[in-house]
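# Survey of secondary and tertiary structure
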Amino acid sequence: MNRPTILTGDRTTGPLHIGHYAGSLANRLRYQDSHDQFLLLADTQALTDNAHDPEKVRRSVIEVALDYLAVGIDPGRTTICLQSHLPALAELSMLYLNFVTVARLERNPTIKDEIRARGFGRDIPAGFLCYPAAQAADITAFRATVVPVGEDQAPLIEQTNEIVRRINAMTDRAVLPEARAIIPRTGRLPGIDGKAKMSKSGGNAIALSASPETIRNAVRAMFTDPNHLRVEDPGRIEGNVVFTYLDAFDPHPGGLAELKARYQRGGLGDSKIKARLEAILQELLAPIRARRAQLSEDRGYVLDVIRDGTERARERTEATRRDVVNALGLFQL
Ligand code: ATP
Ligand code: MG
């Protein structure tokens, strides 16, 4: 049976958060049976803006792997592998850099946003500016055609496909497949501070491993509608972080629609909507936290999962590297 291939990954910069769950993990869980799935622990990509803190990048490999297993990624069905141990990815990255211009990299809207958010100014690490080419290498090395990701990744998939088309045109045959992003309805979960995106590096996240108190405090501090001062006032849904989160996580859309209508009419206090959100998040995260705590006692098992997965991924990515080198007509010894 020929199942389509999925490749996604996460930078190993810290434990995963509920933004990852909404944007990507929930879909990855959904496709475990119907697709050949690979998850990349992206430690070399993490280094592109963390070269000053390789220890964090190293430590986070296990953290992210624990999060995968805790949410229900099954290593029997999904391959978990480590980017820095797949040399074909680095070699393909070097080749792909010749099929993209610096101007195009600088124009990528996600890269632009991220450069601004990180305050690089003119001092952009070259590896960071070029990571879209490396990501193209990751996706194509696995011959992935489906990429379930958050909204911020759409420009990166577009750039991947541009590189693929260039290489295919150049070699006069479809040596690489194009990939399609699958982005959920809430494709970008805002931070608990109301900032546009919850992110590990932004310090505005609720980790999948957060304690019940952390979850409670985060929801209490959440930004709602600043003009909704008294319970009887009509409230706004747009830009109200609590409702954005409810949109992403409330399993009862009918009840939520009614709640929104009441909030907009007036007569529904912020404490009520926050209590509903808190209950939903506590219920979602409690089993994940418990499983993660259990798994973290068995580091050997987690390491075995990564080792086995990386071994499997090595063969597959190496085969693609050979195909690309052959198609480009480089000298063979
Ligand atoms: P960093 O701050 O180190 O970049 P991050 O929190 O942005 O970390 P990534 O590892 O860059 O996380 O992203 C991994 C995947 O999770 C991507 O598919 C991305 O689209 C998705 N994702 C991350 N944050 C969010 C979010 N707030 N909403 C929806 N999807 C998200
Ligand atoms: Mg990111």
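You'll find the structure just up there.
A brief look at the structure comes next. Model, not experiment: these values are computed from the prediction.

## Digging into the layout of surface pockets
Empty space left among the atoms is revealed by rolling a probe the size of a water molecule over them. In this structure, the largest pocket occupies an estimated 1200 Å³ of space. Every residue lining the largest pocket is counted, 45 residues in all, and those nearest its centre are E114, D152, Q153, K197 and S199. By residue number, the principal contributor to the lining of the largest pocket is helix α6 (residues 109-118), which donates 6 residues. Among the residues forming the lining of the largest pocket, the class breakdown is 14 nonpolar, 18 polar and 13 charged. For the second largest pocket, the calculated volume is near 300 Å³. Considering the residues around the second largest pocket, the lining is formed by 17 residues, among which T44, L89, A90, S93 and A134 are closest to the centre. Elements with a contribution of two residues or more to the lining of the second largest pocket: α2 (43-47), α4 (87-96) and α8 (131-141). Broken down by element, the residue count for the lining of the second largest pocket peaks at 5 residues, all from α4.

## Side note on the site of ligand 1
Contacts to ligand 1 come from 21 residues, most closely from T13, D152, L189, K197 and S201. Contacts to ligand 1 include T13, whose side-chain N or O atom sits 2.8 Å from an oxygen atom. Backbone polar atom of L189 to a nitrogen atom of ligand 1: 2.8 Å apart, as the coordinates give it. The protein chains hide 97% of the 600 Å² of surface that ligand 1 would expose on its own.

What counts as what
Residues numbered from 1 in each chain as written. Chains lettered and ligands numbered in written order. Predicted model: local features only at pLDDT ≥ 70, side-chain atom pairs only at ≥ 80, totals over all residues. Heavy atoms only, no water. 1 Å grid on protein atoms, 1.4 Å probe; cavity = no way out; pocket = protein on both sides within 12 Å on 5 of 7 lines; lining within 4 Å. Points joined across faces, edges and corners; volume = space filled by probe spheres on them. Helix = DSSP H or I, 4+ residues; strand = E, 2+ residues; numbered from the N terminus. Nonpolar A, V, L, I, M, F, W, Y, C, P; charged D, E, K, R; others polar. Near = heavy atom within 4 Å. Polar contact = N/O pair within 3.5 Å; in protein donor to acceptor, adjacent residues only side chain to side chain. Areas by Shrake-Rupley, 256 points an atom, 1.4 Å probe, with all protein chains shown as cover.

Fair warning: the whole summary comes from geometry, so function is off the table for now.
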